[in-house]
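For reference, the chains in residue letters:
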Amino acid sequence: PALMSCPQVQRALLALTVPLEMLQAVKGRMLQAMRKGLSRQTHAQANVRMLPTYICSTPDGTEKGDLLVVELCQSHVRTLWVTLLGDGNQSPQVMYKIFDTPGDIMKGKGEALFDFIAQCVRQFLAGIGSPQHRLPLGFVFPFSCRQTRLDKAELISWSKGFSCSDVEGKDVVQLLQSAINKQELYHVDVVALMNDTVGTMMTCSMGGEPCEVALVVDTGTNSCFMAEAQQVEMVEETSGRMCVNTEWGCFGDDGTLSDVLTPYDQRVDQESSSPGEKRFEKLVGSLYLGEIVRHALTALAAEKALFIGSSVAVLRTKDVLKTQQVLEIIDNEEGMAKARGALEALGLRPSERDCCRVQQICRAVVSRAAALCAAGLAAILSHMCQSRELERLVVNVGVDGELYQGHTRFREILQSVTGLLAPECTATLLPSVDGTGQGAAMVTAVTLRLAAQRREVDRLLAPLRLSRTDLERVQVLMRREMELGLGRESNANASVRMLPTYVCGTPDGTERGEFLALDLGGTNFRVLVVRVAQDGIRMASEIYVIPTAIMQGTGEALFDHIIECIMDFQLKQDLMEQVLPLGFTFSFPCQQLGLDKAVLLSWTKGFSASGCVGQDVVHLLREAAQRKQHLGLKVVAVVNDTVGTMMSCGYDDPKCEIGLIVGTGTNACYMEEMQNVGTVEGEQGRMCINMEWGAFGDNGCLDDIFTDFDRLVDEKTINAGKQRWARAPGGGWGPVGGGCAWLRLPGLCPGRFEKLISGMYLGEIVRHILLALVKKQLLFRGKPCPKLQNKDIFQTKFLSTIEIDGLALRQVQAILQDLELQASFEDSVLVREVCQTVSLRAAQLCAAGLAAVVEKMRENRGLARLAVTVGVDGTLYKMHPRFSQHLQQMLRDLAPNCTVTFLQSEDGSGKGAALVAAVACRGAEPRGQPPLSPQ
């Protein structure tokens, strides 16, 4: 009641109370200030600096070993010896010693300061009789630094009474290491530098559950948190997380808190050693709370609302009221007595009512500090929740500092207001234990653990990381195998078969008319009509099913079914009266003997129709047409899908003379000079060569880039008699352990090169690498992963998803969760790195193969520079976020004299087959004949 009757006190209390709406606004402004600090464009102007700490992990409990810590404090140096037992960091063993810092050192030469710190280390180690093995040291340096690595930080400016010469702008880690070396402590390595806030976060991570936010509310205030690395634009690191030191004490230095500041705050700021700076800290830090209360009491006394009849001149003296006294006054039990005692000690004669009013002012100032801290913390939590794309964030927050540790009221307000301002986040506040000592030891231990893991991971992945020299060698080998494949005598010994396709021209834009296309490559097949006119291509198509009984019945029944479907299609399209040229995409291993002549070598993909192997498939189709009395069928070309891809792109770009497929399998074709094709008669013009490059390396020429992981994948895909090839006595190719003719079946078996590149195998390579990482305790904490033992469980489409730029680690974790893998965010970063390594190698090898092709074409044509287009198809090329980019970049490096454009094919096997027919019908008879007529 005494308060209700005093409007001046009510006004003061109102000014010191920040309503919830205003706290929401402060949170929003803090979020904006944080984003400004994280952005490369605006970082220089930001008040909330958001400094990267280069700490990318929190403790996982496996850390162990002896660690040294040196902490530079305001009046002393503290040295610690911490032993971690790898027991989840439940019981770290700690020894420490404190050395008082002589006053002259704080303002003397920088060299003298670091020599003193190093002498403290030497004395401490001598005192505990430390062994001479390598000792990693963590350095707690509580000043503003520009950190560029965990062990490299330049001092921006001194504070807290220090002003040593010749240190600002220098690397303080290097200065300390040099001083330690001067003491002949060559076994002591400074491995990490940090501030006290980061240490707080690390000590609170020691109980098993990670702590990802820390808050210090002491004489000053600061916070840090684990941010998504890709949002920390000041560093190159883009995957995983990094701890960011907000330096939020300077929030509001640009005026954003002007509507929160009271006249008392303005006076505190004017009297401070740095007017206009650290505005948020001056509202929250314990260094300033006593001063805010003093100015409020001075103003109320002047308005005759307090201390009537007392001289209040003493209240005009700076720092006469300490924050510690303010905190004692707000206590419910003893508060009134403490208020009286503090005021009487100043020579004031307070009434009961004065004491009551002073207590209210003190409570308002401390409550406001807690509420503003909560607004800042809520901003951090909401930022984390949004950037991780979570509906709900559950997180531990380490808190240190006398304001939080010693005062229940501060803690309660901080917790409840944070909950109101960030309702989508559940934060558990954990009091820190010796954040600067044990916390620094934890940072050091985590640094060592990550460095050891990095060395192991790099050693494991090194064989998959191909050098420029490796790729140039692959390019040379591919060129050699191409030459062997083209030679009439050497063809049988080449791993790259270089099969003639009898396609002797690409579209030139003059093609006109209607063409049929037939695409047979699996249980479904398509019939298309393709209309080529001056204004472009129009297509109509229908998909037909081949029942299993027909796939596995007689050849007659199969080809009869195909003809019936063609007739059905022509009927529906009103084409029965016309005789249209037909291009036939037949995706089974064949030996092509002419543009319209291809002998089936073997069925694959579940087909086993009798009476077809060894027969010309065009002849089988024509016979079926006769049986069905369908006379309007004119098969002009048998095409493979790679050639179809080149032709379909060739219609849009006349420079397209290469076809490339990188999907579940891989292959390439290109236009070769006829005079170089020894396997076909004729010297004039060009012919498209189907390289069948998937088998490149089957003769052992790529063995030195084959890794143990590739060998594991290779062994699991061996299918006796089908998929492993050896030299036949006569020099040709033959299946190991098989009873069929000595003959290499193109397209039948996945070859060495294909197993390094194609989508069918990349997921399997990744799976074997992950298993090796688990075995080495580098992944999933070394826990067994039964599901990962299953072949093909890690699909190549996972690589494409995991490598999407900007994909949150949470989504990577979700993919791994589906495989019953409990992944931490560090696990997710490592899995992503493995995927990137495997897909990068695939793209680079593909580039090396393509470089051999384009360079050969350039030399064939005697050009200083070749401009050529590659028509490309396949899910890996089209769906993977980085494959095409890596392929093109490496191709530019390996074939600098070629300008290569890539054009994605649309429907190579349908439209492409029709265009082969169209080019064949342009008037030119197909050139070239096989040198021997088939038996």
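In this text the structure is predicted, and so the values were computed from the model without any measurement.

**Some words on the side chain of D171**
Following the sequence through the fold, D171 ends up in the loop between β7 (152-157) and α5 (172-182). K152 is the oppositely charged side chain nearest to the buried, salt-bridge-free D171, at an N-O distance of 4.1 Å. At 3.0 Å, the side chain of D171 forms a polar contact with the backbone nitrogen of V173. Beyond its immediate sequence surroundings of up to four residues, D171 is in contact with D151, K152, A153 and E154.

**Remarks on the confidence of the model for the protein chain**
Across the protein chain, pLDDT averages 88, with 93% of residues at or above 70. Within the model, pLDDT remains below 50 along residues 718-748, and this stretch shows 76 contacts once partners closer than five positions in the same chain are excluded. Segment residues 924-935: pLDDT under 50, and 26 contacts once partners within four positions in sequence are set aside and those in other chains are kept.

**Thoughts on the pattern of salt bridges**
Within this structure, the stated rule accounts for 59 salt bridges. Here D189 ties to R134 by a salt bridge, and the two come within 2.6 Å at their closest N and O atoms. Pair noted here: D189 is in strand β8 (residues 188-194) and R134 is in the loop between α4 (110-128) and β5 (135-140), with a separation of 55 residues, a long-range link. Residue classification places D189 among the partly exposed positions, given a relative accessible area of 25%. One salt bridge in this structure joins E456 and K776, with 3.9 Å as the shortest N-O distance. A residue pair is termed long-range when its members are at least 10 positions apart, and E456 in helix α15 (residues 438-461) and K776 in the loop between α23 (759-775) and α24 (796-802) qualify at 320 residues. A relative accessible area of 35% means that K776 is categorised as partly exposed. When salt bridges with common partners are traced through the structure, they connect E212, E228, R241 and R388 into a single cluster.

**Some thoughts on the sheet that holds strand β14 (residues 499-500)**
Overall, mixed pairing links the six strands, which are arranged β14-β24-β23-β22-β27-β28 in an open sheet. Whereas interior strands pair on both sides, the edge strands pair on one side only; in this sheet they are β14 and β28 (898-904). In the sheet, strand β27 (residues 866-873) pairs with β28 via seven bridges, with the strands oriented parallel. Bridge pairing in β28 links G871 to L903.

**Quick word on a nonpolar patch on the surface**
On the surface, V94, Y96 and I98 cluster together to form a nonpolar patch covering roughly 280 Å² of accessible area. In this fold, V94 is placed in strand β4 (residues 93-100).

**Concerning unusual backbone geometry**
Located in the positive-phi region is D166, a residue other than glycine, with phi close to 65°. Inspection of the secondary structure assignment puts D166 in the loop between β7 and α5. Look at D166 and you get exposed, because its relative accessible area is 59%. Positive phi outside glycine occurs at M498, with the angle close to 50°. Mapped onto the elements of the fold, M498 is located in the loop between α16 (468-486) and β14. Using a relative accessible area of 0% as the deciding quantity, one classes M498 as buried.

**Considering the nonpolar core**
Ranked by internal contacts, the top residues of the largest apolar core, which has 120 residues, are L660 and F794. The dominant element in this core, judged by the number of residues it contributes, is helix α26 (residues 825-860), at 17 residues. Discounting chain neighbours no more than four positions away, the residues touching F794 are G763, E764, V766, R767, L770, L799, I802, L816, L819, V831 and C835. Counting 94 residues, the second-largest nonpolar core is a separate cluster that includes V260, L297, M384 and V399.

**Some details on the pairing of strand β6 (residues 144-149)**
Relative to β7, β6 runs antiparallel, the two sharing five bridges. Bridge pairing in β7 links Q147 to A153. Hairpin connection between β6 and β7: a loop of two residues separates the two successive antiparallel strands.

**What to know about the environment of I793**
Along the chain, I793 falls in the loop between α23 and α24. For I793, a relative accessible area of 19% puts it in the buried group. Residues I793 and G763 lie 30 residues apart in sequence; the distance between their C-alpha atoms is 8.1 Å. Leave out the neighbours within four places in its chain, and I793 touches E764, R767, K787, L788, F798 and L819.

**Brief notes about empty space enclosed by the protein**
One pass over the structure, following the stated rule, counts three cavities of 30 Å³ or more. Within this model, the largest cavity holds a volume of roughly 130 Å³. Along its surface, the largest cavity is lined by 15 residues, and C145, Q147, L193, N195 and N245 are the ones closest to its centre. The set of elements that each furnish at least two residues to the lining of the largest cavity consists of β1 (51-52), β6 and β8. With three residues, β6 is the largest single contributor of residues to the lining of the largest cavity. By residue class, the composition of the lining of the largest cavity is nine nonpolar, five polar and one charged.

Calculation rules
- Residues numbered from 1 in each chain as written.
- Predicted model: local features only at pLDDT ≥ 70, side-chain atom pairs only at ≥ 80, totals over all residues.
- Heavy atoms only, no water.
- Helix = DSSP H or I, 4+ residues; strand = E, 2+ residues; numbered from the N terminus.
- Buried < 20%, exposed > 50% of the residue type's maximum accessible area, 1.4 Å probe, protein only.
- Lys, Arg positive; Asp, Glu negative; His and termini not counted.
- Salt bridge = Lys/Arg side-chain N within 4 Å of Asp/Glu carboxyl O.
- Polar contact = N/O pair within 3.5 Å; in protein donor to acceptor, adjacent residues only side chain to side chain.
- Contact = heavy atoms within 4.5 Å.
- pLDDT = per-residue confidence, 0-100.
- Pairing = 2+ DSSP bridges.
- Patch = residues over 30% accessible without salt bridge, like charges linked within 9 Å, V, L, I, M, F, W, Y side chains within 5 Å.
- Areas by Shrake-Rupley, 256 points an atom, 1.4 Å probe, with all protein chains shown as cover.
- Core = buried A, V, L, I, M, F, W, Y, C linked by side-chain atoms within 4.5 Å.
- 1 Å grid on protein atoms, 1.4 Å probe; cavity = no way out; pocket = protein on both sides within 12 Å on 5 of 7 lines; lining within 4 Å.
- Points joined across faces, edges and corners; volume = space filled by probe spheres on them.
- Nonpolar A, V, L, I, M, F, W, Y, C, P; charged D, E, K, R; others polar.

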